[in-house]
Amino acid sequence: KDSVYTIWGTALDFSPTEVRIAGMPVTLYGSNFSQDVLLSEGLNTFIVEARDAAGHLTSKIVEIVRDTTAPLITLGVAETSVTGVSTFVLGWDVADENLTQVSLGGEAMPLSTSGYQKTVSLQSGNNTFIIRALDRLSNEASKSINVFFDDIPPQPVTTLRTIQNLSLVQIVWQ
């Protein structure tokens, strides 16, 4: 997650060696070296080169991923819904190049590149479902979906008041 990373190593050779990282010379301490490099978001590639006194060159590619962004969870349903049915289909997508975990209510979901869907059973009243996503560097995102299961039908009208000579009748549920 940090913007600075230290590349370190050892350059072993019988003759004096020069080490460069991304074309910049690096100070040797005996045969050991270390150099801080600046990282941008995403994949950072550095070429580490060691050259001996005879001109022989050895190089190694070092790739470092800087990831400071939490996964992006996009809901395929409204964050708050009301239904009269005891099951509900939750749908969502998660975007992150370094995604390692997705869970719904603590239950791990298999990683998918084509979205997620789960049919859940509802209890009477409010039901809250929490989706969590985690990437390799512990950036975490979560979203909640609230589904209210209304399994109680309206009560029948027990009283109806009317006023003579009016063309409007108001019905009040009590």
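Source: prediction; values computed, not measured.

**Q** Go over the overall build of the chain with me, naming the residues and quoting the values.
**A** Assigned secondary structure in the chain consists of zero helices and 15 strands. In terms of overall dimensions, the chain is more spread out than a globule: its C-alpha atoms have a radius of gyration of 31 Å, far above the 16 Å expected for 174 residues. For the chain, the C-alpha atoms occupy an extent of roughly 110 × 30 × 25 Å along the three principal directions. Buried residues in the chain amount to 28% of all 174 residues. Accessible surface, the chain as shown: approximately 12,100 Å² in total, 53% of it carbon and sulfur. Each charge class in the chain can be summarised by its mean position, and for the 10 positive and 18 negative side chains these summaries are 4 Å apart.

**Q** Lay out the sheet that holds strand S9 (residues 80-83) with the relevant residues and their values.
**A** Strand order in the open sheet made by the five strands is S9-S15-S14-S11-S12, with mixed pairing throughout. At either end of the open sheet lies a strand with only one pairing partner, and these are S9 and strand S12 (107-109). For this sheet, the mean angle separating the axes of adjacent strands, direction not counted, is 25 degrees. Pairing of S9 with strand S15 (residues 140-149) involves four bridges; the strand directions are parallel. The partner of Thr83 across the bridge, within S15, is Phe149.

**Q** Report on the nonpolar core, specifying residues and quantitative values.
**A** Among the nonpolar cores identified, the biggest contains 20 residues, and Ile73, Leu90, Trp92, Val94, Val102 and Leu104 are the most heavily contacted of them. Listing elements by their share of this core, those giving two or more residues are strand S8 (72-75), strand S10 (87-95), strand S11 (99-104), strand S13 (116-121), strand S14 (125-135) and S15. If sequence neighbours within four positions are ignored, Ile73 has contacts with Trp92, Asp93, Val94, Ile131, Ala133, Ala141, Ser142 and Lys143. Counting 12 residues, the second largest nonpolar core, distinct from the first, contains Ile7, Ala11, Val19 and Val37.

**Q** Can you explain the environment of Pro153? Please cite residues and give values.
**A** Summarising the element assignment, Pro153 is placed in the segment after S15. Considering only alpha carbons, one finds Pro153 and Gly84, 69 residues apart in sequence, at a separation of 9.1 Å.

**Q** Help me get a handle on the side chain of Ser103, residues and values and all.
**A** Positionally, Ser103 belongs in strand S11. Excluding residues within four positions of it along the chain, Ser103 makes contact with Ala108, Met109, Ile130, Ile131 and Arg132.

**Q** Explain the packing of aromatic side chains to me, and be specific about the residues and the numbers.
**A** To describe a pair of aromatic rings, one takes the distance between the centres and the angle between the planes. What the rule picks out here adds up to one aromatic pair. Look at Trp92 and Tyr116: their rings are 5.5 Å apart centre to centre, the planes differ by 5 degrees, and that puts the pair in the stacked class. Here Trp92 is found in strand S10, whereas its partner Tyr116 is found in strand S13, with 24 residues between them in sequence. The same class applies to Trp92 and to Tyr116, which are both buried.

Rules behind the numbers
Residues numbered from 1 in each chain as written. Predicted model: local features only at pLDDT ≥ 70, side-chain atom pairs only at ≥ 80, totals over all residues. Heavy atoms only, no water. Helix = DSSP H or I, 4+ residues; strand = E, 2+ residues; numbered from the N terminus. Rg over C-alpha atoms; globule rule 2.2 N^0.38 Å. Buried < 20%, exposed > 50% of the residue type's maximum accessible area, 1.4 Å probe, protein only. Areas by Shrake-Rupley, 256 points an atom, 1.4 Å probe, with all protein chains shown as cover. Lys, Arg positive; Asp, Glu negative; His and termini not counted. Charge placed at Lys NZ, Arg CZ, Asp CG, Glu CD. Pairing = 2+ DSSP bridges. Axes fitted to C-alpha atoms, helices over the stretch in contact; angles between N-to-C directions. Core = buried A, V, L, I, M, F, W, Y, C linked by side-chain atoms within 4.5 Å. Contact = heavy atoms within 4.5 Å. Phe/Tyr/Trp six-rings, centres within 6.5 Å; stacked < 30°, edge-to-face > 60°.

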